Amino acid sequence: MHLEGSCHCGSVKFSVESAEPMPFMRCYCSVCRKTAGTGGYAVNLGADHSTLKITGKRHLRVYQAQIVEGDQVRHSSAQRHFCGKCGTALWLWDPTWPELVHPHAGAIDTPLPAPPANVHIMLGSKASWVPVEGGKGDQRFDAYPDFSLKGWHQRHQ
């Protein structure tokens, strides 16, 4: 599916091809919640990085989160791209999986298909004020699940 997206002020626009355009996975980790979350979680899609086309690149900024693990601090390999003018979170790209890009569903202008269910991940770091809403059969995980965006879509086609 061809996806078009943009930031709030219109300075950055992008397009990408996605075989996984259904916004089903809600991430409640502190990084997603604070950099792109609206209801206490963020929703990312899966797309083919080689098809990513961008206008307004000069306005792009990248944030790499600091991850605290015990008494160690490291930078995440994930690169969170956002508009430097209005702050809109646009997509995440990680060199660990260079063929993938993960657009934020909230930045997509193309109508997206409704998911048959939601998957709630990283509930172990969910903010206490955030309710976990969704359907009775929604899967819930304290950490990352053992399946990918692609794997979920293959099971739900």
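Residues numbered from 1 in each chain as written. Predicted model: local features only at pLDDT ≥ 70, side-chain atom pairs only at ≥ 80, totals over all residues. Heavy atoms only, no water.

Structural notes on the sheet that holds strand β7 (residues 60-63)
Ordered in space as β5-β12-β11-β10-β7, the five strands form an open sheet in which the pairing is antiparallel. Looking at strand neighbours, the two that pair on one side only are β5 (47-48) and β7, the edges of this open sheet. In this sheet, strand β12 (residues 100-103) lies alongside strand β11 (residues 89-93) in antiparallel orientation, the contact comprising two bridges. Bridge pairing in β12 places W91 opposite P103. (Pairing = 2+ DSSP bridges. Helix = DSSP H or I, 4+ residues; strand = E, 2+ residues; numbered from the N terminus.)

A short note on the packing of aromatic side chains
Under the definition given, this model contains two aromatic pairs. Relative to W91, the ring of F14 has its centre 5.0 Å away and its plane inclined at 65°; by these criteria the two rings are edge-to-face. You can see F14 sitting in strand β2 (residues 13-17) and its partner W91 sitting in strand β11, a full 77 residues away along the chain. Residue classification places W91 among the buried residues on the basis of a relative accessible area of 2%. Ring centres of Y28 and Y41 lie 5.3 Å apart, and the angle between their planes is 50°; this geometry places the pair in the tilted category. Residue Y28 is found in the loop between β3 (25-27) and α1 (30-35), and its partner Y41 is found in the loop between α1 and β4 (42-43); the two are separated by 13 residues along the sequence. (Phe/Tyr/Trp six-rings, centres within 6.5 Å; stacked < 30°, edge-to-face > 60°. Buried < 20%, exposed > 50% of the residue type's maximum accessible area, 1.4 Å probe, protein only.)

Re the sheet that holds strand β14 (residues 139-140)
As summarised here, the arrangement of the four strands in space is β4-β3-β13-β14, forming an open sheet in which the pairing is mixed. Two strands bound the open sheet, and with one partner strand each, they are β4 and β14. Two strands pair when backbone bridges link them, and β3 and β4 are joined in this way by two bridges, in the antiparallel orientation. Within β4, the position partnered with R26 by the bridge is V43.

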